[in-house]
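This is what each chain is made of:
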Amino acid sequence: MTARHVAVLSFGPQRPAPAGVDEEEFRLALLEDTYEVVAGLEFVTPALVVGPGGDPGAEAVTWPGTAIVRAATLGEAFAALEELGADQAALVAADAPDLPSLLIGKLLRALGSAPAAATPAAEGGLVALAACLPLPEWLSAALASVDLDTEDGLTRLRDAAPRAGLVPTGPGWHRLRTPADVAYLDPGLEGWDNTRGLLAGHPLAR
C-alpha cells in the first residue's frame with residue numbers, strides 16, 4: 001500500500017496581518033487551520049515542516065504524534081518525508097486555512113499517472129505541490145530554485161520536465177499573503193475556525 005504523507009510548511013516569510021490583528025497570532029491561526037485540514041484527511045500521515053531552527057509555536061498546534069520535519073527547501077522537505085517512509089508526499093502552504101480537503105485528494109490522485117502535481121495559487125505561486133518519492137532528478141534540480149512562493153513556479157517546474165504532462169494541476173485555490181487577501185474567505189464555508197475567531201470583529205472586505 002502506498003504510504004502518503006501530507007505536510008504543512010511553517011517556514012517562509014512572515015505574513016502581514018489585517019489591521020488590529022497580531023501578526024504572530026494570525027500566522028499561527030492560519031497554520032493551525034491549514035494543519036487541521038491536512039490532519040483530517042483519511043489514508044495519509046500528517047506532518048509539519050519547520051525551518052532548521054525549529055518553530056515551537058507551530059509545533060504546539062499539531063496533534064500528538066505528528067512528525068516534525070526540519071528543512072529549508074521543498075527538496076529537503078520531500079527528502080525528509082521519504083526518510084519517514086513516504087512513497088508519495090504533498091507539501092501545503094500554511095496560509096490556506098480554508099483549503100478544501102478535496103483539492104488535496106485530487107492532487108494525490110494525480111500521482112497515479114504523473115510524478116508530480118500542483119495546486120496553483122491565485123496571484124501566482126502554488127498552494128500545494130505533490131510528488132512521488134524519490135523525486136525524479138529533473139524535479140529535484142528544479143526545486144533548488146523554486147518554492148511555493150515563486151510566482152512562476154509552476155512554469156519553471158513544467159519547463160524542467162523532460163516532456164509535457166508531467167506536472168498536471170488540480171483546481172486552483174487562494175492563499176492569505178496580504179491583509180487584503182482575507183476577502184477570499186467565505187464566512188459560509190465550514191472550517192478555518194481559528195482564523196475566523198481571530199478575525200471576529202474585523203469585517204472581511206468583499
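Quick caveat: nothing in here was measured; it's all calculated off a predicted structure. (Residues numbered from 1 in each chain as written. Predicted model: local features only at pLDDT ≥ 70, side-chain atom pairs only at ≥ 80, totals over all residues. Heavy atoms only, no water.)

(A) Structural view of the environment of leucine 126. Tracing the backbone shows leucine 126 in strand β6 (residues 126–132). With 118 residues separating them in the primary sequence, leucine 126 and valine 8 have C-alpha atoms 13 Å apart. Ignoring any residue separated from it by four or fewer positions in sequence, one finds leucine 126 in contact with Ala93, Ala118, Thr119, Pro120, Ala121, Leu148, Leu154, Leu157 and Arg175. (Helix = DSSP H or I, 4+ residues; strand = E, 2+ residues; numbered from the N terminus. Contact = heavy atoms within 4.5 Å.)

(B) How the structure looks around the pairing of β6. In terms of burial, β6 is a largely internal element, six of the seven residues being buried. Relative to β6, strand β4 (residues 88–93) is paired through five bridges, and the arrangement is antiparallel. If you follow leucine 91 over to β6, its bridge partner there is leucine 129. Examined bridge by bridge, strand β5 (residues 116–120) and β6 share five bridges and lie antiparallel to one another. When the bridges of β6 are listed, threonine 119 appears paired with alanine 128. With antiparallel pairing between neighbouring strands as the criterion, β5 and β6 make up a hairpin whose turn holds five residues, including glutamate 123 at a positive phi of roughly 70 degrees. (Buried < 20%, exposed > 50% of the residue type's maximum accessible area, 1.4 Å probe, protein only. Pairing = 2+ DSSP bridges.)

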